[in-house]
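# Structure at a glance
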Amino acid sequence: MLITNIKGLIGLHLKDKLVLRGNELSNLPVIENAWLLVENGLIKDFGEMDSIPSHISNLSSDISAEGRYVFPSWCDSHTHIVFAASREEEFAMKIQGKTYEEIAAAGGGILNSARKLQKATEDELFQSAALRLKQMILQGTGAVEIKSGYGLTTESEIKMLRVIRRLKDQFPIPVKATFLAAHAFPAEFKNNHQGYIDLIINEMLPLIAAEKLADYIDVFCEKGFFSVAETDQLLKAGAKYGLKPKIHANQLSVSGAIEVAVENGAISVDHLEESNEETIETLRNADTIVTLLPSCSFYLGIPFADAKGFIKTGLPVALATDYNPGSTPSGNMNFVVSLACIKMKMFPEQAINAATLNGAAAMQLSKDYGSIAVGKKANFFITKPMPSIAYLPYSFGESQVDKVILNGEIYNG
Ligand code: NIG
Ligand code: FE
């Protein structure tokens, strides 16, 4: 596939650049008036139209992209897209002013989703999750992480992870699976936390490892959910099976989650709507990626994370959707990038880098995904005609994604 007359080919980081820290996020390399050649699903070469080699200009161009930009696909490193039912009944409670914790305590929240998921079949869950994933891809996402965590029993957690495995087998994008049985305590373990933790460690983990159903382990480390000590126990148990942590940290309060995650070699800490000096200090000397989820803040009406502060400190910030039925019923990375700019004051270049290369890094995929580099997978999208790069986040709520290319082929859903 040859694409010519591209107004701007963006995200041109060198192939060995695996993550962007601090100020590096401001650099979004671009070639104006460019061509891009794809071969065998990989990026083969690119350059300026003015100096296009004759052996390439002699090829017939498959797409002439006048006025349009080519972006590396979004890499959405935090989602919960396997669920049985939406939860818009909680939407009204939120509008009345109930908080996330109050809704959960009133029988809504994660336990509400778990009750519904336990009754759904693997096929039903696969069908609905596949529809969601298809929509996400059509909105520009070209790599995704998906969590379990609405099963909360051995049978249903494995059912969820098998659905994720099927998505991975049937979709043309990389899918990483995260085991999140430690999302909430089931009602029967309300007063027996250790009983549920033992179930996860002694029963679920060995089965999941035997079927190789997960890449990562996650814990919702939060007041009213899993304590720091419980998180530590679970992360250490996961490590025995080779599962690295990617955890929910500091969403509703500063809890010590960051410290325990970093100690246990976490790939990423996600949320951080709440943070303080110690949080930042702990992260300064770590390789852990800081994944921010602004559409969760937007939907719940909770504070937005201090993206500017994290970047100023030199941390590697990534952006993801958190697509789930309770706190973020949207898988639209374009909107996430807009919110990052509008609400967290990230510059468009920073937000785009955070949603591409650093998102890929938060899934350990940045060797092959997340930027336009020779030898990387040809996963990218072509925009509608746009006046500038900043127009994409500026025109929030309206998709600028025109054509999606995955492994060098046009994806039509
Ligand atoms: O990332 N915080 C925990 N998990 C999800 C919400 C889950 C739910 O409410 O169903 C989140 O926001
Ligand atoms: Fe989440």
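Calculation notes
- Residues numbered from 1 in each chain as written.
- Chains lettered and ligands numbered in written order.
- Predicted model: local features only at pLDDT ≥ 70, side-chain atom pairs only at ≥ 80, totals over all residues.
- Heavy atoms only, no water.
- Domains from an automatic or database assignment.
- Contact = heavy atoms within 4.5 Å.
- Buried area = accessible area lost by both parts, 1.4 Å probe.
- Salt bridge = Lys/Arg side-chain N within 4 Å of Asp/Glu carboxyl O.
- Helix = DSSP H or I, 4+ residues; strand = E, 2+ residues; numbered from the N terminus.
- Near = heavy atom within 4 Å.
- Polar contact = N/O pair within 3.5 Å; in protein donor to acceptor, adjacent residues only side chain to side chain.
- Areas by Shrake-Rupley, 256 points an atom, 1.4 Å probe, with all protein chains shown as cover.
- 1 Å grid on protein atoms, 1.4 Å probe; cavity = no way out; pocket = protein on both sides within 12 Å on 5 of 7 lines; lining within 4 Å.
- Sits in = over half its atoms within 2 Å of the grid points.
- Nonpolar A, V, L, I, M, F, W, Y, C, P; charged D, E, K, R; others polar.
- Pairing = 2+ DSSP bridges.
- Buried < 20%, exposed > 50% of the residue type's maximum accessible area, 1.4 Å probe, protein only.
- Donors = N, O, S within 2.8 Å, 3.2 Å for Na, K, Ca; no water.
- Axes fitted to C-alpha atoms, helices over the stretch in contact; angles between N-to-C directions.
- Parallel < 35°, antiparallel > 145°, perpendicular 65-115°, else oblique.
- Right-handed = clockwise from strand over helix to strand, strands pointing away.

### As for the domain arrangement of the protein
Examined at the domain level, the protein breaks down into domain 1 (2-72 + 371-411) and domain 2 (75-361). Contacts between the two partners involve 30 residues from domain 1, matched on the other side by 36 residues from domain 2. Summed over both sides, the interface between domain 1 and domain 2 buries roughly 2,500 Å², with carbon and sulfur atoms accounting for 65% of that surface. Its largest share of buried area at the contact with domain 2, domain 1 owes to Arg 21, Leu 25 and Tyr 411, together 27% of the area lost on that side. Summed over the shared surface of domain 1 and domain 2, the number is 0 salt bridges. Elements with a minimum of two residues in the side of domain 1 that touches domain 2: strand E5 (69-72), helix H16 (391-394) and strand E15 (401-406).

### Side note on the site of ligand 1
Around ligand 1 sit 15 residues, and of these Tyr 100, Tyr 150, His 183, Gln 251 and Ser 327 come closest. Here an oxygen atom of ligand 1 sits 2.9 Å away from a polar atom, N or O, in the side chain of Arg 87. In this structure, an oxygen atom belonging to ligand 1 sits 2.6 Å away from a side-chain N or O atom of Tyr 100. Protein burial of ligand 1: of its 320 Å² of free accessible surface, 100% is covered by the chains. Here ligand 1 is seated within the largest cavity. Considered class by class, the residues forming the shell around ligand 1 number 4 nonpolar, 9 polar and 2 charged.

### Regarding the pairing of E15
Taken together, the 4 bridges between strand E14 (residues 380-383) and E15 define a ladder with antiparallel strand orientation. The residue of E15 that forms the bridge with Thr 383 is Val 401. When E15 meets strand E16 (residues 409-411), the two strands line up antiparallel, connected through 3 bridges. The residue bridging Leu 406 from the neighbouring strand is Glu 409, located in E16. Where E15 hands over to E16, the hairpin turn is made up of 2 residues, of which Asn 407 adopts a positive phi near 50°.

### Concerning the side chain of Thr 383
Note on placement: Thr 383 falls in strand E14. Excluding anything up to four places from it in sequence, Thr 383 contacts Arg 68, Tyr 69, Phe 71, Leu 392, Gln 400 and Asp 402.

### Some points on helix H13 (residues 333-344)
In terms of burial, H13 is largely enclosed, as 10 of its 12 residues are buried. Of all the residues in H13, the buried ones are Met 333, Asn 334, Phe 335, Val 336, Val 337, Ser 338, Leu 339, Ala 340, Cys 341 and Met 344. Where H13 begins, the side chain of Asn 332 points an oxygen toward the backbone nitrogen of Asn 334, at a separation of 2.9 Å.

### Topic: the coordination of the iron ion (ligand 2)
All of the protein donors around the iron ion (ligand 2) are His 78 (NE2), His 80 (NE2), His 248 (NE2) and Asp 322 (OD); their distances to the metal are 2.1 to 2.2 Å. If you list the donors of the iron ion (ligand 2) from N- to C-terminus, the spacing comes out as H-x1-H-x167-H-x73-D. Note that His 80 is positioned in the loop between strand E6 (74-76) and helix H2 (88-95) and Asp 322 in the loop between strand E13 (317-319) and H13, a separation of 242 residues in sequence. Across the pair, exposure class does not vary: His 80 and Asp 322 are buried alike.

### Details of the packing of helix H7 (residues 193-210) against helix H8 (residues 228-240)
Where H7 meets H8, the closest approach of the two axes is 10 Å, and the angle between their N-to-C directions is 10°. Looking at the two axes, H7 sits roughly parallel to H8. Note on element contacts: H8 touches H7 through Glu 230, Gln 233, Leu 234, Ala 237 and Gly 238, opposite His 193, Gln 194, Ile 197, Ile 200, Ile 201 and Leu 205. Of the residues belonging to the contact of H7 with H8, the class tally is 6 nonpolar, 4 polar and 1 charged.

### With respect to the pairing of strand E10 (residues 244-249)
Burial runs high along E10: 5 of the 6 residues are buried. Both strand E9 (residues 216-221) and E10 contribute to a ladder of 4 bridges, which runs parallel. Opposite Phe 220, over in E10, you have His 248 as the bridge partner. In terms of handedness, the path from E9 via H8 over to E10 forms a crossover that is right-handed.

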